[in-house]
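Structure assessment
Below, each chain spelled out in residue letters.
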Amino acid sequence: MIELAKNSIGQSEDYLGFELQHTIDTIRFYQSQIDIYNKQIELKLLETGYGKIITSIPGIGTITGAMILSEIGDINNFTSPNQLLAYAGLDPSVYESGNFEASHNKPSKRGSKYLRWAIHQASSGIWIWDKTFNEYYLKKIHEGKHHYVAIGHIDKKLIRVMFYLLKNKISFIPQK
């Protein structure tokens, strides 16, 4: 039985070992390139002056913070959090026809899909790490909202918080 297994299972070709080693070397090369780019992103983020502010929010790291700031651009282009909310495409869509006006409106998704994605990524974790956002999440859940609907509300709250922090140039103080 052992002799049959030696001849039927696996392969002992030398080229497979070479191919595996080449694949591992390629992965290591690309990982080193990613590390170099991440360092450059981190340096550019800190140069903006807003980098420390945006990364002070739990759940927003270097890459997500850089993505958010690059999509927002100059915060002074927005006069209210609602404008930033609309720019992110998180404002409610309006559907009305004649006398009918819809009561359950979905996000418009007209704005920057990259900003919307980055905000949603941050919102998906911030309610776990910050007491204030956790209480807000639980409030929405107790109101009967589905998890993703509650996260949508956190998206909007996070936009308002980011707007305030960036406009006033202050860092986020997490609640434990």
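Before reading further, recall that the structure is shown in the block above.
Cut-off values and rules
- Residue positions within a chain follow its written sequence, with the count starting from 1.
- Where totals are concerned, whole chains, interfaces and linings use all residues; where local detail is concerned, this predicted model gives features only for residues with pLDDT of at least 70, and gives and counts side-chain atom pairs only at 80 or more.
- Think of the side-chain values as coming from all heavy atoms in the structure, minus any hydrogens and water.
- Secondary structure counts use DSSP, requiring at least four H or I residues in a row for a helix and at least two E residues in a row for a strand, with both numbered from the N terminus.
- Burial classification: accessible surface area is computed with a 1.4 Å probe over protein chains only, and a residue below 20% of its type maximum counts as buried, one above 50% as exposed, and the rest as partly exposed.
- Each accessible area is a Shrake-Rupley estimate made with a 1.4 Å probe; only the visible protein chains count as cover when residues are assessed.
- Working rule for contacts: check all heavy atoms of both residues, and any pair within 4.5 Å makes them a contact.
- Each aromatic pair joins two rings of Phe, Tyr and Trp (for Trp, the six-membered one) with centres within 6.5 Å, and gets the label stacked for planes under 30 degrees apart, edge-to-face for over 60, and tilted for any other angle.
- Counted as over-ring charges are cases with an Arg CZ or a Lys NZ within 6 Å of the ring centre that also lie within 35 degrees of the ring normal.
- Here an angle of 0 to 180 degrees is reported between the N-to-C directions of two axes, which are lines fitted to C-alpha atoms, with helices fitted over the stretch in contact.
- Under this scheme an angle from 65 to 115 degrees is roughly perpendicular, one under 35 degrees roughly parallel, and one over 145 degrees roughly antiparallel; angles in between are oblique.
- Three categories are distinguished: nonpolar for Ala, Val, Leu, Ile, Met, Phe, Trp, Tyr, Cys and Pro, charged for Asp, Glu, Lys and Arg, and polar for the others, with Gly belonging to the last.

Time to look at the overall build of the protein. Broken down by element type, the protein carries eight helices and two strands. Ordering the α and β elements of the protein from the N terminus gives α-α-α-α-α-β-β-α-α-α. Put simply, the protein has 176 residues, and 29% of those count as buried. Accessible area of the protein: about 12,200 Å², with a carbon and sulfur share of 56%.

Within the element layout of this structure, S123 appears in helix α6 (residues 113-129). Sequence-distant contacts of S123, that is, excluding residues within four places in its chain, are made with I151, I154, D155 and L158.

The final tally for this structure, using the stated rule, is four aromatic pairs. Between F78 and Y87 the ring centres are 5.4 Å apart and the planes differ by 55°, which places this aromatic pair in the tilted class. With centroids separated by 6.3 Å and ring planes inclined at 40°, the aromatic side chains of F133 and F172 adopt a geometry described as tilted. With F133 in helix α7 (residues 131-142) and F172 in the segment after α8 (147-168), the pair connects residues that are 39 residues apart, well separated along the chain. Over the aromatic face of F133 sits the side chain of K157, whose NZ or CZ is 5.9 Å from the ring centroid. The side chain of K157 reaches across the aromatic face of Y136, ending 4.8 Å from its centre.

Moving on, we come to unusual backbone geometry. Of note in this structure, K169 is not a glycine but carries a positive phi near 55°. Residue placement: K169 occurs in the segment after α8. Of the residues examined, K169 reaches a relative accessible area of 58% and is grouped as exposed.

In a packed pair of helices, the relevant descriptors are the angle between the two axes and the axis-to-axis distance. Relative orientation of the contacting elements α6 and α8 amounts to 105°, with a least axis distance of 8 Å. Judged on the interaxial angle alone, α8 and α6 are roughly perpendicular. Here I119, H120, A122, S123, S124, I126 and W127 of α6 come into contact with α8, specifically with H147, I151, I154, D155, L158, I159 and M162. Along the lines of polarity and charge, the residues of the contact of α6 with α8 split into nine nonpolar, four polar and one charged.

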